[in-house]
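# Structure assessment
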Amino acid sequence: RRYGALEFKERGGDEEDAVPTPAHTHSPPTPPTPPTTRWYLFPSLPSEHWRRVAFGVFIVTFLCPTLRNYALFQIPLALALTLGSIGPIYAIPLVYVMKGERTTWEAKAWTIVAVAGVAIMCAFGLEGE
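Let's shift gears to the overall build of the protein. Summing up its helical and strand segments, the protein has four helices and three strands in all. Along the chain direction, N to C, the helices and strands of the protein fall in the order β-β-β-α-α-α-α. Residues counted as buried form 8% of the 129 residues belonging to the protein. Surface exposure of the protein reaches about 11300 Å², of which carbon and sulfur atoms provide 68%.

As a further point, take a nonpolar patch on the surface. Residues Phe-42, Leu-45, Trp-50, Val-53 and Val-57 make up a contiguous nonpolar surface patch of roughly 480 Å² in combined accessible area. Following the sequence through the fold, Phe-42 ends up in the loop between strand 3 (19-22) and helix 1 (47-74).

Across its 28 residues, helix 1 extends 38 Å between first and last C-alpha, which sits within 8% of the 40 Å expected from 1.5 Å per residue. The principal kink in helix 1, of about 35°, is found at Ile-59.

Next up on the list: the packing of aromatic side chains. Enumeration over the complete set of coordinates arrives at two aromatic pairs. Pairing Phe-58 with Phe-62 gives two aromatic rings, centres 6.0 Å apart and planes at 45°, and the pair type is tilted. Taken together, the residues span about one helical turn, with Phe-58 and Phe-62 both in helix 1 at a distance of four residues. Taking relative accessible area as the criterion, Phe-58 reaches 41% and is therefore assigned partly exposed.

Here is what the cut-offs are and how they apply
Residues numbered from 1 in each chain as written. Predicted model: local features only at pLDDT ≥ 70, side-chain atom pairs only at ≥ 80, totals over all residues. Heavy atoms only, no water. Helix = DSSP H or I, 4+ residues; strand = E, 2+ residues; numbered from the N terminus. Buried < 20%, exposed > 50% of the residue type's maximum accessible area, 1.4 Å probe, protein only. Areas by Shrake-Rupley, 256 points an atom, 1.4 Å probe, with all protein chains shown as cover. Patch = residues over 30% accessible without salt bridge, like charges linked within 9 Å, V, L, I, M, F, W, Y side chains within 5 Å. Salt bridge = Lys/Arg side-chain N within 4 Å of Asp/Glu carboxyl O. Expected span 1.5 Å × (residues − 1). Bend = angle between axes of the 7 residues up to and from the residue. Phe/Tyr/Trp six-rings, centres within 6.5 Å; stacked < 30°, edge-to-face > 60°.

These values are about where atoms sit, not about what they do.
Written as structure tokens, this is what we have:
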């Protein structure tokens, strides 16, 4: 039914249940189009930043696996695996240095315990050879 500028669409109930909509809208509004981004392009960085990125890729891709494999052949296996498993502990001080985020006292306490355990294993782990 139409009353002036409003049109009522009935849902099978009384006129009180009808939903008023403007008469001039016949189709739903189109959503806004998202901006086109070119995610596949390299960012434009200064050459100093690209050197840092290349150095980080070199360390992570080549140097870390090389040194870890060398350690597996030079020190006892249990000690090499223990030293290799403390990698996530490095994240706590790095987050503070790089982002300024503080960690909880529990995380700091357990980090100290873990580092102390690795230090004990390193100090006394080589005596059996």
